[in-house]
2 protein chains.
Amino acid sequence: MKNKLAVVALGGNALLRGDQIGTIDEQEENTMLTLENLIFLINEGYNLVITHGNGPQVGNILMRNDAGEQMYNIAQMPVDICVADSQGGIGYMIERMFRNVLNRHGINKNVICIVTQVVVDGNDKAFSDPQKRIGKIYTKDEADRMHEKKGWQFREEVKVEGGFRRVVPSPVPVDIMNIPIIRDLAMQGNIVIAAGGGGVPVYFDEKKDVRPAEVVIDKDLASSLLASMIGADEFYILTDVPYIYINYKKPDEEIKEFLNYEDTLKYLNEGHFAKGSMAPKIEACLNFIKNGGKMSVITEAFKLADKKYGSKITMEYEK
Amino acid sequence: MKNKLAVVALGGNALLRGDQIGTIDEQEENTMLTLENLIFLINEGYNLVITHGNGPQVGNILMRNDAGEQMYNIAQMPVDICVADSQGGIGYMIERMFRNVLNRHGINKNVICIVTQVVVDGNDKAFSDPQKRIGKIYTKDEADRMHEKKGWQFREEVKVEGGFRRVVPSPVPVDIMNIPIIRDLAMQGNIVIAAGGGGVPVYFDEKKDVRPAEVVIDKDLASSLLASMIGADEFYILTDVPYIYINYKKPDEEIKEFLNYEDTLKYLNEGHFAKGSMAPKIEACLNFIKNGGKMSVITEAFKLADKKYGSKITMEYEK
């Protein structure tokens, strides 16, 4: 029997919790606890591709770039390089911790991390309306200076009066490099780590050269595209809530454990899911189902181990 | 006929020249010019694995970590994570530039970058005598504070009076993760980028867990080990001199274009090659030959394209 293939997207608190400062010890411990829960899928015979977020880590890398330029006049790297750096650091950490989790369970499986470029359309409409806030909070003067020096665009910060943050476009992912290799390695039984942080953002110019894109790609949309392109059977988003809710945090809040495509799309369009948080996750799950995937799951990592994992979206309602 | 397999180690000025400040534009242009020279090997039918140095880049990452902690109190990452970051950033850049060079030559080949852990022996004698200088120059007071806070070890800097630099061990590489995958991908015709910066340094503890090593592995020794382990036919080190010299920069300086194992080992033992610079390159080349490799080459990148590439070391003298 052919093993099932699943893509598991580790997000947010899977690697680093909001109340932590981000030392490597904290990141390693969180990662270990998260990966421990994936043993269940491995024991069920799944082949796995792991994707991951990079929010806090690339945020720190951007801040260090700013500090390095100010203190030591070290040239700042563009966003694509910062994302690639974060894929190296986080991917290595996940690979190493996964090897140790497997070792402790006596499971003989290999783990490999691929630095992954994700392609956007150079004409994506997001380029004319940058919305994604990245890096440090600048004063008006600093922001003006950086705009002049580097062409960066800024928006006023809502949480900090007088604060400005750099904004970059967040175009949708349209292609991913090295898909056949990622699929083959996973189908051979390797645990493959790929497309971290939404992927290193690139686009093709008119000469078919690959050019860096100064953008951030939503990691859930990139993970969903990866899952569709490698022909995964199931797509898991591990986040900080155990279920999908409608009327979330309202008196008539309702857990949705089993959902079908149509109802979920209706809930999305009705605005049940927070923009920039749950909404892109739902969209990613729906894309996967629309492209032929069998099941999308949104839940917390530990829900996998208790085998009653969170909210499951399928094309037709299935219990 | 089976294609030949070569490992090409890009070092020093292949990515960034000493007189440059290290903007991404400079790095991309240098990388492009270097890779252009590898087209000759591809047209000759070689399968390629590319390794690379990370000296200036990881130096900048370490400095940014220092600055980020001082200015924004962002937790510093350990050396293994910094090396992994540099593998992501540099590896992605090489992959992207290589795709563009291939595109311009109308060559249909794929490029892939693997984040690579390189294993050292936890009991390597280098651990008791850290020699490799990394990161910024500290004052005595700063160095004392960092020693107390993080346990870092320091040595007085020779070039800057009153300056101290952090030193870490540089143990020899003994194993490399994911060798079968790197070999298979290369033999299938993919250009594989691996083991950048000497590899992300790790060791196995008594429970067989993989642990991070706060060390720097010599990139030429790691590249040579990789070449031997994947069964490469030839091993190229691209550096900033076109040939191996004896009596270098002396009146009786002599270019050595064809060398055999025994003579080269003799020259090494006679001290003809600078420590920390040419000596480890020669050692890496000799290791490759000793382990069954057919030919090691040391030269400048552009010498490949003119087909009269630099100095060639073989077991028996061959012209």
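This is a predicted model, so every value here is computed, not measured.

K.L.:
Would you mind showing me how to read unusual backbone geometry here?
P.N.:
Backbone geometry follows two general trends: most residues other than glycine have a negative phi, and most peptide bonds adopt the trans configuration. Residues and elements named next belong to chain A. Backbone geometry places Asn178, a non-glycine residue, at a positive phi of 65°. When you line up the elements, Asn178 lands in the loop between strand 8 (173-176) and helix 6 (179-187). A positive phi angle, near 60°, is found at Lys249, a position not held by glycine. You can see Lys249 is positioned in the loop between strand 13 (244-246) and strand 14 (254-256). Overall, the relative accessible area of 68% leaves Lys249 in the exposed class.

K.L.:
Would you mind going over the environment of Gln188 of chain A with me for this structure?
P.N.:
Residue and element names in this part refer to chain A. Structurally, Gln188 can be placed in the loop between helix 6 and strand 9 (191-193). Looking at Gln188, the relative accessible area reads 58%, which means it is exposed. Counting along the chain gives 185 residues from Gln188 to Asn3, while the straight-line C-alpha distance between them is 9.8 Å.

K.L.:
Got a minute to help me understand the side chain of Gln117 of chain A in this structure?
P.N.:
Along the chain, the position of Gln117 of chain A falls in strand 4 (residues 117-120). Judged by its relative accessible area of 1%, Gln117 of chain A falls in the buried class. Of note is the side chain of Gln117 of chain A, whose polar atom sits 3.2 Å from the side chain of Glu95 of chain B.

K.L.:
Would you explain the pattern of salt bridges in this entry?
P.N.:
Counted under the stated rule, the structure contains 34 salt bridges over all chains. The shortest N-O distance in the salt bridge between Lys294 of chain B and Asp233 of chain B comes to 2.5 Å. In this pair, Lys294 of chain B is assigned in the loop between helix 9 (278-290) and strand 16 (295-299) and Asp233 of chain B in the loop between helix 7 (219-229) and strand 12 (234-238), connecting sequence segments 61 residues apart. Here Asp233 of chain B falls in the buried class, since its relative accessible area comes to 8%. Through salt bridges that share partners, Glu69, Lys149 and Lys150 of chain A make up one connected network.

K.L.:
Looking at this model, I keep getting lost on the sheet that holds strand 6 (residues 153-156) of chain B. Mind explaining?
P.N.:
Residues and elements named next belong to chain B. Read across the open sheet, the three strands follow the order 5-7-6; overall the sheet is antiparallel. Both edges of this open sheet fall to strand 5 (132-138) and strand 6, since each of them pairs with a single strand only. Strand-to-strand, the axes of this sheet are offset by a mean angle of 40°, without reference to chain direction. Relative to strand 7 (residues 164-168), strand 6 is paired through four bridges, and the arrangement is antiparallel. Paired with Gln153 across the two strands is Val167, which belongs to strand 7. Together, strand 5, strand 6 and strand 7 form the strand contacts of helix 5 (residues 140-150), whose direction differs from that of strand 5 by roughly 120°.

K.L.:
For this particular structure, what's the right way to read the relation of the copies chain A and chain B?
P.N.:
Comparison of the two chain copies shows a relationship of rotation about an axis with a shift along it. When chain A is brought onto chain B, the operation consists of a screw motion whose angular component is 180° and whose axial shift is 0.0 Å, with 0.0 Å RMSD remaining. A rotation of that kind, with that shift, is consistent with a two-fold axis. Most of the interface of chain A is mirrored in chain B, where 100% of its interface residues again form contacts.

K.L.:
Would you take a moment to explain the nonpolar core for this structure?
P.N.:
Proteins that are soluble and globular tend to have nonpolar side chains buried together. Residues Leu48 of chain A together with Leu48 of chain B are the most contacted members of the largest nonpolar core, which totals 108 residues. Not counting chain neighbours up to four residues away, the residues in contact with Leu48 of chain A comprise Leu5, Ala6, Val8, Leu38, Leu41, Ile42, Phe98, Ala186, Asn190, Ile191 and Val192 of chain A. In this structure, Val7 and Ala186 of chain A together with Val192 and Tyr243 of chain B belong to the second largest nonpolar core, which totals 98 residues.

K.L.:
It is not clear to me how the packing of helix 7 of chain B against helix 9 of chain B should be interpreted in this structure. Could you clarify?
P.N.:
Between two packed helices, what matters for the description is the angle formed by their axes and the separation of those axes. All names here are of chain B. It is at 8 Å that the axes of helix 7 and helix 9 come closest, and there the two elements cross at 10°. One element, helix 7, and the other, helix 9, form an angle in the roughly parallel class. In this structure, helix 7 uses Lys219, Asp220, Leu221, Ser224, Ala227 and Ser228 to contact helix 9, whose residues at the interface are Pro280, Lys281, Glu283, Ala284, Asn287 and Phe288. Residue composition of the contact of helix 7 with helix 9, by class: five nonpolar, three polar and four charged.

K.L.:
Which parts of the structure should I look at to understand the packing of helix 1 (residues 24-36) of chain A against helix 4 (residues 79-104) of chain A?
P.N.:
All names here are of chain A. The N-to-C vectors of helix 1 and helix 4 enclose an angle of 50°; their axes lie 9 Å apart at closest approach. Looking at the two axes, helix 1 sits oblique to helix 4. Between helix 1 and helix 4 lies a crossing whose hand is right-handed. Counting all contacts with helix 1, which are made through Ile24, Gln27, Glu28, Thr31, Met32, Leu35 and Glu36, the residues of helix 4 involved are Met93, Ile94, Arg96, Met97, Phe98, Asn100, Val101 and Arg104.

K.L.:
It is not clear to me how helix 1 (residues 24-36) of chain B should be interpreted in this structure. Could you clarify?
P.N.:
Within an α-helix, residues lying three or four positions from one another point in the same direction, as the helix has 3.6 residues per turn. Here helix 1 of chain B contains 13 residues, and its C-alpha end-to-end distance of 18 Å stays within 8% of the 18 Å for a straight helix at 1.5 Å per residue. Residues of helix 1 of chain B that are buried include every one of Ile24, Gln27, Glu28, Asn30, Thr31, Met32, Thr34 and Leu35 of chain B, and no others. Buried positions along helix 1 of chain B lie against helix 4 of chain A together with strand 1 (5-10), helix 2 (39-43), helix 3 (55-72), helix 4 (79-104) and helix 10 (301-305) of chain B.

K.L.:
Looking at this structure, I do not really get helix 9 of chain B. What am I missing?
P.N.:
Residue and element names in this part refer to chain B. When the terminal C-alpha atoms of helix 9 are compared, their 18 Å separation across 13 residues agrees well with the 18 Å that a helix rising 1.5 Å per residue should span. Among the residues of helix 9, those classed as buried are Met278, Ala279, Pro280, Lys281, Ile282, Ala284, Cys285, Leu286, Phe288 and Ile289. In this fold, the buried residues of helix 9 make contact with helix 7, strand 12, strand 13 (244-246), helix 8 (261-269), strand 16 and strand 17 (311-314). Looking one or two places after helix 9, you find Gly292, whose phi comes out positive at around 105°.

K.L.:
So what exactly am I meant to see when it comes to the sheet that holds strand 7 (residues 164-168) of chain A here?
P.N.:
Picture the strands of a sheet paired through backbone hydrogen bonds; they go either parallel or antiparallel. Residues and elements named next belong to chain A. What the three strands build is an open sheet, ordered 5-7-6; its pairing is antiparallel. Each end of this open sheet is capped by a strand with a single partner; those strands are strand 5 (132-138) and strand 6 (153-156). Between one strand axis and the next, the sheet turns by 40° as a mean value, whatever way the strands run.

K.L.:
Sorry, what's going on with the interface of chain A and chain B here?
P.N.:
Interfaces are frequently sized by the accessible area removed from exposure as the parts join. Contacts between chain A and chain B engage 54 residues on the former and 54 residues on the latter. Of the roughly 4700 Å² buried where chain A meets chain B, counting both sides, 59% is carbon and sulfur surface. Looking at the side of chain A facing chain B, the largest losses of area belong to Arg64, Tyr72 and Tyr92 of chain A, adding up to 15% of the total buried there. There are two salt bridges connecting chain A and chain B. Notably, a salt bridge pairs Asp209 of chain A with Arg104 of chain B, separated by 2.2 Å at the nearest N-O pair. Linking chain A to chain B there are 34 residue pairs in polar contact (both at pLDDT 80 or more). Secondary-structure elements contributing two or more residues to the side of chain A that touches chain B are helix 1, helix 3 (55-72), helix 4, strand 3 (111-115), helix 6, strand 10 (200-204) and strand 11 (210-212) of chain A. If one sorts the elements of the side of chain A that touches chain B by residue count, helix 4 of chain A sits on top with 14 residues. For the side of chain A that touches chain B, the per-class residue count stands at 26 nonpolar, 15 polar and 13 charged. Where strand 3 of chain A meets strand 3 (residues 111-115) of chain B, three bridges bridge the pair, whose relative direction is antiparallel. Each residue of the ladder has a partner; that of Val115 of chain A, found in strand 3 of chain B, is Cys113 of chain B.

Cut-offs applied
- Residues numbered from 1 in each chain as written.
- Chains lettered and ligands numbered in written order.
- Predicted model: local features only at pLDDT ≥ 70, side-chain atom pairs only at ≥ 80, totals over all residues.
- Heavy atoms only, no water.
- Helix = DSSP H or I, 4+ residues; strand = E, 2+ residues; numbered from the N terminus.
- Buried < 20%, exposed > 50% of the residue type's maximum accessible area, 1.4 Å probe, protein only.
- Polar contact = N/O pair within 3.5 Å; in protein donor to acceptor, adjacent residues only side chain to side chain.
- Salt bridge = Lys/Arg side-chain N within 4 Å of Asp/Glu carboxyl O.
- Pairing = 2+ DSSP bridges.
- Axes fitted to C-alpha atoms, helices over the stretch in contact; angles between N-to-C directions.
- Contact = heavy atoms within 4.5 Å.
- Least-squares fit on C-alpha atoms with pLDDT ≥ 70 in both.
- Core = buried A, V, L, I, M, F, W, Y, C linked by side-chain atoms within 4.5 Å.
- Parallel < 35°, antiparallel > 145°, perpendicular 65-115°, else oblique.
- Nonpolar A, V, L, I, M, F, W, Y, C, P; charged D, E, K, R; others polar.
- Left-handed = near helix turned anticlockwise from the far one by under 90°.
- Expected span 1.5 Å × (residues − 1).
- Buried area = accessible area lost by both parts, 1.4 Å probe.

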